[in-house]
Amino acid sequence: MITLSDPSLFTEQVFMGGAWCGARSGRTLDVDNPATGEIIGSIPNCDGDDTKAAIAAAEAAFPAWRARTAGERAMLLERWNALVLENITDLARIMTAEQGKPLAESEGEIRYAASFIKWFAEEGRRVGGRMVAGPEANRRILVMKEPVGVSVAITPWNFPAAMITRKCAPALAAGCPIVIKPSEYTPYTALALGKLAERAGFPTGVINIITGKPHPIGDEMTANTAVRKLSFTGSTKVGALLMRQCADTVKRISLELGGNAPLIVFDDADLDVAVASTMASKFRNAGQTCVCANRILVQDGIHDEFVERLGKAIAALKVGPGDALGTTIGPLINAEAVEKVRALVEDALGLGARISVKADNPMKGPNFVAPLMLTGATAGMRLASEEIFGPVAAVFRFGNEDEAIALANATPYGLSSYFYTEDLHRAFRVAERLEAGMVALNTGAISMEMAPFGGVKQSGLGREGGEEGIEEYLETKTFHIAGLKS
């Protein structure tokens, strides 16, 4: 059992058309705690018919919701934001129980999630248009912004609160009702957010949350003509499938997909900053983030010192359940994730890498993985081209700037890149040459509500956050007015 100050925030029903209910078939799915393997509860296993009903509820709510003023929509978002922050402890406990991350990280994610609600409440007030000079004196051309329509969001398990608010807050602010499908591994955070949205006073059908296996839900979302916008965060493989499925109805799509982030440490870097930032980027959420440092590229001159310092920091990490005092590394989400990390490490060791340091792992649960550092990593190893998605720091050595750039860009992905230097000239050269949607200099933090987030190449389409985030949910209409009399 999860101990909550407000037990009503934990619900095993979905939210459709303003009502809490089960799947029409009565089928359910169990959800477990990755730290203990214990069943937390069960959720409705919704199918295509349930999804169709949720979409119909959103479609019915659209005319009235788009007709509300931006200020009225903003007031509801502000109330929701306040309720999320008021219930941060309970929301964090739910998240840690179903996802595994340490409580401190869960609380941090709830604050991060709330920041998107606050930001887009304000951005919604700033949606406008413009007047274009016409070719004749009696003509006016107005460029207008309107909500795209019913939107759907499919969100991942690694950030079960932030990935929801980063999608639905701009949709709601723009005037779009939304249907949310959270991961079946971490549904309870989403449902708790739905409870708080209901309390905030959102009208019936504006927010809908359904749970279950992805295929029948995704199939209906992509085929249903009432859906005009789909936003997805997850693997490139699934994103490409959704893109193909959306083609028949020509939906607008946003895809935040896989990454293979390089982190480059040049000889002139501030090593204190580089090591601290590498730890923050690599080991947040036990390495289960799409923007974490997947390949750590270190220049010859400081390689050994950097490895020594990073090794000491890794050895100090504490593995344990997310709700245990002092835990910095929780469990991975499931056995499949553990097996992938094991296979990547074994492949690297077989090709000449070595384990330079490994933290203690006192846990007996099958989903706990000891953080470690591999040195001697090379381009031919699987972890050079595949996301590790676990607490493994793979260190590659390079000689000069051109070599570092070539290694960094040698991937079909382009979500995030990090580099460390004190040379201003190099800073601009490298930033412009790195093929990524987000580039960070001397920091490992790139996710924040006021900055656009998204990738290039096979890392996706579109942007979330910043001014760009709300544009994803707006259509541009050009209004021509002719024959005006002077």
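Remember, predicted model here, so these are calculated numbers, not experimental data.

Novice: Could you give an account of helix 1 (residues 48–67), with specific residues and numbers?
Specialist: Taking 1.5 Å per residue as the helical rise, helix 1 with its 20 residues ought to reach 28 Å, and the 29 Å between its terminal C-alpha atoms agrees with that figure. The sharpest bend along helix 1 reaches about 40° and sits at Ala61, with the proline Pro63 one to four residues further on. Among the residues of helix 1, the N-terminal cap falls to Asp47, whose side-chain oxygen and the backbone nitrogen of Asp49 are separated by 3.1 Å.

Novice: Describe in detail the packing of helix 12 (residues 401–409) against helix 13 (residues 424–433), supporting the description with residues and values.
Specialist: In contact at an axis separation of 10 Å, helix 12 and helix 13 are set at 30° when each is read in the N-to-C sense. Considered as vectors, helix 12 and helix 13 are oriented roughly parallel to each other. You can see that helix 12 and helix 13 cross each other, and the crossing is right-handed. In contact with Glu401, Asp402, Ile405 and Asn409 of helix 12, helix 13 contributes Arg426, Arg429, Val430 and Arg433. Split by residue class, the contact of helix 12 with helix 13 holds two nonpolar, one polar and five charged.

Novice: Quick one: what's the story with the sheet that holds strand 5 (residues 130–132), residue by residue and with numbers?
Specialist: Here we have three strands laid out as an open sheet, ordered 5-6-22, and antiparallel in their pairing. Because the sheet does not close on itself, it has two edges, and the strands there are strand 5 and strand 22 (474–481). Geometrically, the sheet is characterised by an average inter-axis angle of 30° between neighbouring strands, direction not taken into account. Direction of pairing for strand 6 (residues 140–147) relative to strand 22: antiparallel, over a ladder of eight bridges. Residue Met144 lies in a different strand from strand 22, and its bridge partner there is Lys477.

Novice: Please set out the side chain of Asn224 residue by residue, giving values where relevant.
Specialist: Relative to the elements of secondary structure, Asn224 occurs in the loop between helix 7 (214–223) and strand 10 (227–233). At 2.8 Å, the side chain of Asn224 forms a polar contact with the side chain of Glu220. Residue contacts for Asn224: discarding those within four places in its chain leaves Lys52, Ile55 and Lys251.

Novice: Account for the environment of Leu196, with residues named and values stated.
Specialist: Within the fold, Leu196 resides in helix 6 (residues 187–200). The class for Leu196 is buried, based on a relative accessible area of 0%. A C-alpha to C-alpha distance of 9.5 Å links Leu196 and Ala82, two positions 114 residues apart in sequence. The contact partners of Leu196, leaving out residues within four places of it in the chain, are Leu9, Trp80, Leu83, Val84, Asn87 and Leu91.

Novice: Summarise unusual backbone geometry; cite the residues concerned and give the values.
Specialist: Phi is positive for Val250, close to 50°, though the residue is something other than glycine. Relative to the helices and strands, Val250 is located in the loop between helix 8 (236–247) and strand 11 (252–256). For Asn285, which is not glycine, the phi torsion reads 55° and is therefore positive. Summarising the element assignment, Asn285 is placed in the loop between helix 9 (271–283) and strand 13 (293–299). Looking at Asn285, the relative accessible area reads 2%, which means it is buried.

Novice: An account of the packing of helix 2 (residues 70–86) against helix 6 is needed here, citing residue identities and associated values.
Specialist: Taken N-terminus to C-terminus, the directions of helix 2 and helix 6 make an angle of 130°; their axes are 8 Å apart at the nearest point. When the axis of helix 2 is compared with that of helix 6, the two are oblique. Crossing of helix 2 against helix 6: the hand is right-handed. Of the residues in helix 6, those touching helix 2 at Leu76, Arg79, Trp80, Leu83 and Val84 are Leu193, Leu196, Ala197, Arg199 and Ala200. Residues belonging to the contact of helix 2 with helix 6 are distributed by class as follows: eight nonpolar, no polar and two charged.

Novice: Can you tell me about the packing of aromatic side chains, naming the residues and giving the values?
Specialist: Summed over all chains, the structure comprises seven aromatic pairs. On the basis of an interplanar angle of 35° and a centroid distance of 4.4 Å, the ring pair of Phe10 and Tyr188 is categorised as tilted. Of this pair, Phe10 sits in the segment before strand 1 (14–16) while Tyr188 is found in helix 6, placing the two residues 178 residues apart along the sequence. Owing to a relative accessible area of 1%, Tyr188 belongs among the buried residues under this scheme. Ring centres of Phe15 and Trp20 lie 4.6 Å apart, and the angle between their planes is 25°; on these two criteria the pair is classed as stacked.

Novice: Could you give an account of the pattern of salt bridges, with specific residues and numbers?
Specialist: In total, this model carries 32 salt bridges according to the counting rule given. Residue Arg166 is joined to Glu464 by a salt bridge in which the shortest nitrogen-to-oxygen separation is 2.8 Å. With Arg166 in helix 5 (residues 162–174) and Glu464 in the loop between strand 21 (460–461) and helix 14 (466–471), this residue pair connects regions lying 298 residues apart in the sequence. The buried category is assigned to Arg166, whose relative accessible area is 2%.

How each quantity is defined
Just so you know, the residues in each chain are numbered from 1, in the order the chain's sequence is written. Only residues with pLDDT of 70 or above have their local features reported here, since the model is predicted, and side-chain atom pairs are shown and tallied only from 80 upward, although totals for entire chains, interfaces and linings are computed over all residues. With hydrogens and water stripped out, all remaining heavy atoms of the structure feed into the side-chain values. Here a strand is any run of E in DSSP of at least two residues, a helix any run of H or I of at least four, and the numbering for each starts at the N terminus. Expected span of a helix: the number of residues minus one, times 1.5 Å. The bend reported for a residue corresponds to the angle between axes fitted to the seven residues ending at that residue and the seven starting there. For the purposes of these results, a polar contact is taken to be a pair of N or O atoms within 3.5 Å, where, inside protein, one atom must be able to donate a hydrogen and its partner to accept one; residues adjacent in sequence count only when each atom of the pair is a side-chain atom. Lines fitted to C-alpha atoms define the axes, with helix axes restricted to the stretch in contact, and inter-axis angles between N-to-C directions lie between 0 and 180 degrees. Working definition: roughly parallel below 35 degrees, roughly antiparallel above 145 degrees, roughly perpendicular at 65 to 115 degrees, and oblique for all remaining angles. We call a crossing left-handed when the near helix sits turned anticlockwise from the far one by less than a right angle, and right-handed when that turn is clockwise. Any two residues whose heavy atoms approach within 4.5 Å are treated as being in contact. Classes in brief: Ala, Val, Leu, Ile, Met, Phe, Trp, Tyr, Cys and Pro nonpolar; Asp, Glu, Lys and Arg charged; the others, Gly included, polar. In this description, strands pair whenever DSSP reports at least two bridges between them. Each residue is placed in one exposure class: buried if its accessible area under a 1.4 Å probe, protein chains only, is under 20% of its type's maximum, exposed if it is over 50%, and partly exposed if it falls in between. Centres within 6.5 Å make a pair out of two Phe, Tyr or Trp rings, where for Trp the six-membered ring is used; the pair is then stacked when the planes are under 30 degrees apart, edge-to-face when over 60, and tilted otherwise. Salt bridges are defined by distance alone: a side-chain nitrogen of Lys or Arg within 4 Å of a carboxyl oxygen of Asp or Glu.

The quantities given are spatial measurements derived from coordinates; they are silent on function.
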